[in-house]
Amino acid sequence: MPTSDRAVQLRKGVIELAILAVLDREECYAIEIIDRLGAYPALAATPGTVYPLLARLTKADLVGTRWAESPGGPPRKYYRLTAAGRTSLADGATAWVELRGAMTEILGTDAP
Amino acid sequence: MTATYLRSVRTHLRELPTADRRRAMEALSAQLDELADAGIDPRDALGEPADFAAHLHDALEGDAPTDAAQWRVLGVPVDTRGPIDADVRARTWDPTNPRLVVPRLFGAGWTLNLGAVAVRLGLLRPDDISDDVIERIPSGHVRVARSAPLLIAGAAATALALSWRSLPGRVPSGFDLGGRTRSRTSRASLLAVLALGALPALWAQRPTSTVDDTLVRAASATSLAVLSAGTVAAVIAQARAPRARWGLLVPASLPLAVAASLTVIVAPVRAGLRRAWSRASATPPHTTTGHPENP
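What you are looking at is a predicted structure, and each value in this text was computed from that prediction instead of being measured.

### Section: the overall build of chain A
Point 1. The secondary structure content of chain A amounts to four helices and three strands.
Point 2. Order of helices (α) and strands (β) in chain A, N terminus to C terminus: α-β-α-α-β-β-α.
Point 3. With 112 residues in all, chain A has 37% of them scored as buried.
Point 4. Considering only residue pairs separated by 6 or more positions, chain A has 51% of its internal contacts joining residues 24 or more positions apart.
Point 5. For chain A, the computed accessible surface area is about 6400 Å², with 60% contributed by carbon and sulfur atoms.

Here it is, written out as structure tokens:
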């Protein structure tokens, strides 16, 4: 997980988009989302980061939830993308690609 | 024009922490001076003051942690918004925040995040609380939660009233570590201790717009009511048996206050959870909140 202040700031807006991308692949419960993000060291996030984001995405109706039985405990809450979430993911992906291209260019050619 | 614009933006940023507002105003003042030098109307460059203030507010609020205090004095958080601001109160019940300790709602210092305590105790998962759960909390549970601090404060008041005549004119006001009397004060000061529990209990009866805020108020009032009742009980008992160690009731009431306030909020929430779970198992798969479209 990145620890420098700069990396933390850069990651702030990206984690939300990454969560939408994870949920676009399949429905997950919270720990699964954290595990999926953890597979990418640059995106690894603590529950303290992910849970509030999930609450915000649910409130914004970008993500829907349902309860489902779990093998060894109380039912789990599963998260999935809503139609609005899919639109938001598409917008975010476009913006990310444009941003990445611009930043690669400006860092690669104009940086001292 | 610059001063008018600056003043107008400032009035829209009153809710921001003082330090953030001051920094934002200093930066804006410099930017407005540059625009004035270039002969550009700030409304043309930045938009209407209210709109610009809204952008600024969003940007600065997004940087502030949700459990941030209003001020900090020598590193100690200080806040006065707890009694009037539901968002501030919500930090004492935030299961998504893993921090056990958050700034107090009113005054200096810290208090417990009951949500984190419930998660650590395995009573809830951090993401268990959502609108579908809150909506399913039985109204009877909410009524019981609201009346809990009132009952505790009422019991303390009754005990004090019944023992008032038998109390000496001066009663214990402080105890040493062993629970013995360290100092004494007028018997009337017990009324102030009683009020510390009774006033929040009455405040918790006021109608609120959301069930979760009702429970948060009830939990806060319950913890104060237990502390107040514990202190009143310690003083009455110690006044009757001056050589005893009834002062130990005061520190003993601290964990009791945590347990009581936790019960007041967790019991209704778990009732709502159980209803949400049973509804989920009784309905076909993929019945969700939100508007999912994935199969």
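Here the narrative resumes.
### Things to note about the sheet that holds strand 3 (residues 73-81) of chain A
All names here are of chain A.
Point 1. With antiparallel pairing, three strands are arranged side by side in an open sheet as 1-3-2. Among the strands making up the open sheet, the edge pair consists of strand 1 (28-29) and strand 2 (63-70).
Point 2. Alignment of strand 1 against strand 3, held across two bridges, turns out to be antiparallel. Bridging from a neighbouring strand, Cys-28 pairs with Tyr-79 of strand 3.

### Some points on the packing of helix 8 (residues 139-163) of chain B against helix 10 (residues 211-240) of chain B
All names here are of chain B.
Point 1. Helix 10 packs onto helix 8 with a crossing angle of 20° between their chain directions and a minimal axis gap of 8 Å. In terms of their interaxial angle, helix 8 and helix 10 are classed as roughly parallel. Relative to helix 10, helix 8 is oriented so that their crossing is left-handed. Of helix 10, the residues touching helix 8 (which contributes Val-142, Ala-145, Arg-146, Ala-148, Pro-149, Ile-152, Ala-153, Ala-156, Ala-159, Leu-160 and Ser-163) are Val-211, Thr-214, Leu-215, Ala-218, Ala-221, Thr-222, Ala-225, Val-226, Ala-229, Val-232, Ile-236 and Arg-240.
Point 2. Tallied by class, the residues present in the contact of helix 8 with helix 10 amount to 18 nonpolar, three polar and two charged.

### Regarding the sheet that holds strand 4 (residues 107-108) of chain B
All names here are of chain B.
Point 1. Taken in spatial order, the three strands of this open sheet run 1-2-4, and their pairing is antiparallel. Two strands bound the open sheet, and with one partner strand each, they are strand 1 (71-73) and strand 4.
Point 2. Note: strand 2 (residues 76-79) against strand 4, two bridges, orientation antiparallel. Along strand 4, the bridge assignment pairs Val-78 with Ala-108.

### A look at the UniProt feature "domain: DUF5808" (unreviewed entry) in chain B
Point 1. Annotation from UniProt places "domain: DUF5808" (unreviewed entry) at residues 96-119 of chain B.
Point 2. Across residues 96-119 of chain B, helical content stands at 25% and strand content at 33%; the span's end C-alpha atoms are separated by 9 Å.

### Notes on the packing of aromatic side chains
Within a pair of aromatic rings, the relevant descriptors are the distance that separates the centres and the angle that separates the planes.
Point 1. The full count for this structure, using the stated rule, is three aromatic pairs over all chains.
Point 2. Summarising the aromatic geometry, the rings of Trp67(A) and Trp277(B) are spaced 6.1 Å apart at their centres and angled 75° between planes, so their arrangement reads as edge-to-face. Of this pair, Trp67(A) sits in strand 2 while Trp277(B) sits in helix 11 (residues 249-282), each in a different chain. As far as burial versus exposure is concerned, Trp67(A) and Trp277(B) are alike and both buried.
Point 3. Both rings, one in Tyr5(B) and one in Phe52(B), keep their centres 6.5 Å apart while their planes meet at 50°; by these two values the pair is tilted. Of this pair, Tyr5(B) sits in helix 1 (residues 2-12) while Phe52(B) sits in helix 4 (residues 49-63), placing them 47 residues apart in sequence.
Point 4. Over the aromatic face of Tyr29(A) sits the side chain of Arg76(A), whose NZ or CZ is 4.1 Å from the ring centroid.

### Brief notes about the pairing of strand 3 of chain A
Point 1. Pairing analysis gives seven bridges linking strand 2 of chain A to strand 3 of chain A, with the strands arranged antiparallel. Each residue of the ladder has a partner; that of Arg66(A), found in strand 3 of chain A, is Tyr78(A).

### Considering the pattern of salt bridges
Point 1. For the coordinates displayed, the defined rule picks out eight salt bridges over all chains.
Point 2. Close ionic contact of Arg56(A) with Glu16(A) constitutes a salt bridge, the shortest N to O distance being 2.3 Å. With Arg56(A) in helix 3 (residues 47-59) and Glu16(A) in helix 1 (residues 5-25), this pair connects stretches of sequence that are 40 residues apart.
Point 3. Linking Arg89(B) and Asp213(B) is a salt bridge whose minimum nitrogen-to-oxygen distance equals 2.8 Å. With Arg89(B) in helix 5 (residues 86-89) and Asp213(B) in helix 10, this pair connects stretches of sequence that are 124 residues apart. The burial state of Arg89(B) is the same as that of Asp213(B); both residues are buried.
Point 4. Via salt bridges that share partners, Glu27(A), Arg66(A) and Arg80(A) belong to a single interconnected network.

### Quick look at the domain arrangement of chain B
Point 1. Domain boundaries in chain B define domain 1 (2-63), domain 2 (78-120) and domain 3 (131-280).
Point 2. A separation of 46 Å is found between the C-alpha centroids of domain 1 of chain B and domain 3 of chain B.

### Here's the deal with the UniProt feature "domain: Transcription regulator PadR N-terminal" (unreviewed entry) in chain A
Point 1. The residues that UniProt annotates with the feature "domain: Transcription regulator PadR N-terminal" (unreviewed entry) are residues 19-90 of chain A.
Point 2. Along residues 19-90 of chain A, the helical share is 51% and the strand share 26%, with 13 Å between the first and last C-alpha atoms.

Conventions adopted
Residues numbered from 1 in each chain as written. Chains lettered and ligands numbered in written order. Predicted model: local features only at pLDDT ≥ 70, side-chain atom pairs only at ≥ 80, totals over all residues. Heavy atoms only, no water. Helix = DSSP H or I, 4+ residues; strand = E, 2+ residues; numbered from the N terminus. Buried < 20%, exposed > 50% of the residue type's maximum accessible area, 1.4 Å probe, protein only. Contact = heavy atoms within 4.5 Å. Areas by Shrake-Rupley, 256 points an atom, 1.4 Å probe, with all protein chains shown as cover. Pairing = 2+ DSSP bridges. Axes fitted to C-alpha atoms, helices over the stretch in contact; angles between N-to-C directions. Parallel < 35°, antiparallel > 145°, perpendicular 65-115°, else oblique. Left-handed = near helix turned anticlockwise from the far one by under 90°. Nonpolar A, V, L, I, M, F, W, Y, C, P; charged D, E, K, R; others polar. UniProt positions renumbered as here; feature names shortened; annotations may be inferred. Phe/Tyr/Trp six-rings, centres within 6.5 Å; stacked < 30°, edge-to-face > 60°. Lys NZ or Arg CZ within 6 Å of the ring centre and 35° of its normal. Salt bridge = Lys/Arg side-chain N within 4 Å of Asp/Glu carboxyl O. Domains from an automatic or database assignment.

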